[in-house]
Amino acid sequence: MVHSSKLFRVTLAIGILFFACCSKSSKQQYTPLYGKTSTIHGTVPEYIFAVHPLHNPSRFFEVYQPLVDYINKSTTEFSVRLEASRDYNSFEQKLFERKFHFALPNPYQSVQTILYGYTIFGKMGDDSRFYGIIIVHEDSTIKSVEDLRGAAISFPSKTALAAAMMPKYFLKMKGLNVEKDAECRYVGSQESSIMNVYMGKTKAGCTWPPPWESFASEHPEIAQELKVQWKTDPLINNGLVVRNDIPKSHVNIFSNALFSLHTTDEGKTILKKINLSRFVEISEKEYVTTVNNFLKKYQKQFGSLPAVGGKN
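Residues numbered from 1 in each chain as written. Predicted model: local features only at pLDDT ≥ 70, side-chain atom pairs only at ≥ 80, totals over all residues. Heavy atoms only, no water.

Digging into the sheet that holds strand β8 (residues 183-186)
Within a sheet, neighbouring strands are paired by backbone hydrogen bonds and run either parallel or antiparallel to one another.
Then comes step 1: Read across the sheet, 5 strands follow the order β8-β7-β9-β6-β10 without closing on themselves; strand pairing throughout is mixed. Strands with a single pairing partner mark the edges of an open sheet, and in this sheet they are β8 and β10 (226-231). The mean angle between the axes of side-by-side strands here comes to 30 degrees, regardless of whether they run parallel or antiparallel.
Then comes step 2: Relative to β10, strand β6 (residues 133-137) runs antiparallel, the two sharing 5 bridges. What sits directly across from I135, in β10, is V228.
Then comes step 3: Across the sheet, helix α7 (residues 190-198) touches β6, β7 (152-155), β9 (204-207) and β10, and the angle it forms with β9 is around 160 degrees.
Then comes step 4: Helix-sheet contacts for helix α8 (residues 209-218) involve β6, β9 and β10, and the interaxial angle to β6 is about 35 degrees. (Pairing = 2+ DSSP bridges. Helix = DSSP H or I, 4+ residues; strand = E, 2+ residues; numbered from the N terminus. Axes fitted to C-alpha atoms, helices over the stretch in contact; angles between N-to-C directions. Contact = heavy atoms within 4.5 Å.)

Side note on the side chain of K94
Then comes step 1: Among the structural elements, K94 can be located in helix α3 (residues 88-96).
Then comes step 2: In terms of polar contacts, K94 uses its side chain to reach the side chain of E83, at 3.1 Å.
Then comes step 3: In terms of polar contacts, K94 uses its side chain to reach the side chain of S85, at 3.1 Å. (Polar contact = N/O pair within 3.5 Å; in protein donor to acceptor, adjacent residues only side chain to side chain.)

Some details on the packing of helix α2 (residues 57-73) against helix α10 (residues 248-259)
Then comes step 1: In contact at an axis separation of 10 Å, α2 and α10 are set at 125 degrees when each is read in the N-to-C sense. Comparing the axis directions of α2 and α10 gives the class oblique. The two elements α2 and α10 cross, and the hand of that crossing is right-handed. Counted together, L67, Y70 and I71 of α2 and F254, A257 and L258 of α10 form the full contact between these two elements. (Parallel < 35°, antiparallel > 145°, perpendicular 65-115°, else oblique. Left-handed = near helix turned anticlockwise from the far one by under 90°.)

Remarks on the pairing of β7
Then comes step 1: Here β7 shows no split at all, with A152 and S154 on one side and I153 and F155 on the other all buried.
Then comes step 2: In terms of strand pairing, β7 meets β8 through 4 bridges, oriented parallel. Along β8, the bridge assignment pairs A152 with E183.
Then comes step 3: Sheet analysis places β7 next to β9, joined by 2 bridges and oriented parallel. Bridge assignment links I153 to a residue of β9, and that residue is A204. (Buried < 20%, exposed > 50% of the residue type's maximum accessible area, 1.4 Å probe, protein only.)

As for the layout of surface pockets
Then comes step 1: Of the voids in this model, the second largest pocket is the one considered here, and its volume is about 250 Å³.
Then comes step 2: Lining the second largest pocket we find 16 residues, and of these F121, K248, V251, N252 and S255 sit closest to its centre.
Then comes step 3: Contributions of two or more residues to the lining of the second largest pocket are made by β5 (118-124), β11 (239-243) and α10.
Then comes step 4: Broken down by element, the lining of the second largest pocket gets its largest block of residues, 6 residues, from α10.
Then comes step 5: Residue composition of the lining of the second largest pocket, grouped by class: 7 nonpolar, 6 polar and 3 charged. (1 Å grid on protein atoms, 1.4 Å probe; cavity = no way out; pocket = protein on both sides within 12 Å on 5 of 7 lines; lining within 4 Å. Points joined across faces, edges and corners; volume = space filled by probe spheres on them. Nonpolar A, V, L, I, M, F, W, Y, C, P; charged D, E, K, R; others polar.)

What about α7?
Quick reminder: α-helices carry 3.6 residues per turn. Residues three or four places apart thus point the same way.
Then comes step 1: Most of α7 is tucked away, with 9 of its 9 residues classed as buried.
Then comes step 2: All buried positions along α7 are accounted for by Q190, E191, S192, S193, I194, M195, N196, V197 and Y198.
Then comes step 3: At the C-terminal side of α7, G200 shows a positive phi close to 80 degrees.

Side note on the environment of L258
Then comes step 1: Take L258: it is sitting in helix α10.
Then comes step 2: In this structure L258 comes out as buried when scored by relative accessible area, which is 0%.
Then comes step 3: In this structure, the C-alpha to C-alpha distance between L258 and K123, residues 135 residues apart in sequence, is 9.8 Å.
Then comes step 4: Residues in contact with L258, not counting those within four places in the same chain, are L67, I71, L240 and F279.

Quick look at the nonpolar core
Then comes step 1: One finds F49, Y64, L67 and F279 to be the most contacted residues of the largest nonpolar core, which totals 84 residues.
Then comes step 2: Sort the elements by how many residues they give to this core and helix α5 (residues 161-173) lands first, with 9 residues.
Then comes step 3: Residue contacts for Y64: discarding those within four places in its chain leaves V51, L54, L82, L104, M124 and I274.
Then comes step 4: I135, M195, A223 and L226 belong to the second largest nonpolar core, which has 12 residues in total. (Core = buried A, V, L, I, M, F, W, Y, C linked by side-chain atoms within 4.5 Å.)

By themselves, these are just geometric observations and shouldn't be taken as functional.
As structure tokens, then:
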């Protein structure tokens with residue numbers, strides 16, 4: 001029975017890892033519509049809303065489609081369509097090609113969007129929950145940062161702020177420069193970063209609370225064999241950005257819907273799925289200043305910032 005149970009978990013793990021890395025065969029997989037980024041449905045424009053890759057495609061739409069439905073019910077002046085991206089590079093490439101009208105990038109991506117004609121108008125709340133976590137096997141011999149010297153470590157992407165840049169900085173402050181003293185593997189998604197640890201492909205894997213908690217909820221039999229070994233300090237949460245050619249009145253409708261979510265029962269249910277207490281308004285200057293303070297420290301330690309825009 002023990003052997004069959006372990007075989008089941010390994011088989012399940014292979015399936016999860018395949019699904020996280022390859023997204024073409026699932027019936028639930030969303031296929032983005034390419035071409036013009038703004039279409040007309042009847043007499044109203046359709047805007048594309050994108051979120052940086054947090055979950056596998058089916059989980060992504062389960063979490064964020066109710067939010068888009070809520071926005072669409074709040075107005076007749078435009079409609080919103082949710083778009084998934086298969087990985088960080090794909091998301092960034094479309095973002096910086098201005099294919100998205102509204103987006104929820106991570107803080108590093110958010111400040112970069114300003115260079116491409118976006119404006120930061122809000123963010124996710126709960127800054128105390130925006131931190132990186134480093135996961136190892138439950139029975140791992142990794143006890144100190146020094147034990148990771150020469151080891152393979154998985155990250156979703158070079159530009160994953162909480163799940164790569166912040167853990168790298170944390171480890172560097174503890175005496176380990178992972179870019180020189182370890183093997184960094186960029187595996188494309190949060191789930192893949194976790195699964196690489198479980199499958200023994202890496203000694204440690206980096207992610208952040210929302211995808212880790214979702215994974216543990218969906219796959220408790222796998223998560224129980226893993227543990228969070230270290231946590232980084234928190235930073236400001238993911239930003240809300242809008243393309244600068246969207247009418248101000250439409251931006252106000254969109255933002256008011258998000259910023260008032262926590263005041264209604266339906267909105268609270270939507271936020272619970274996202275694992276968030278609320279969205280909040282913030283000035284672009286305040287947001288950029290906070291993020292740049294960390295980026296300056298990161299650049300001082302590593303010499304440069306990771307490339308964005310699908311160039312990794």
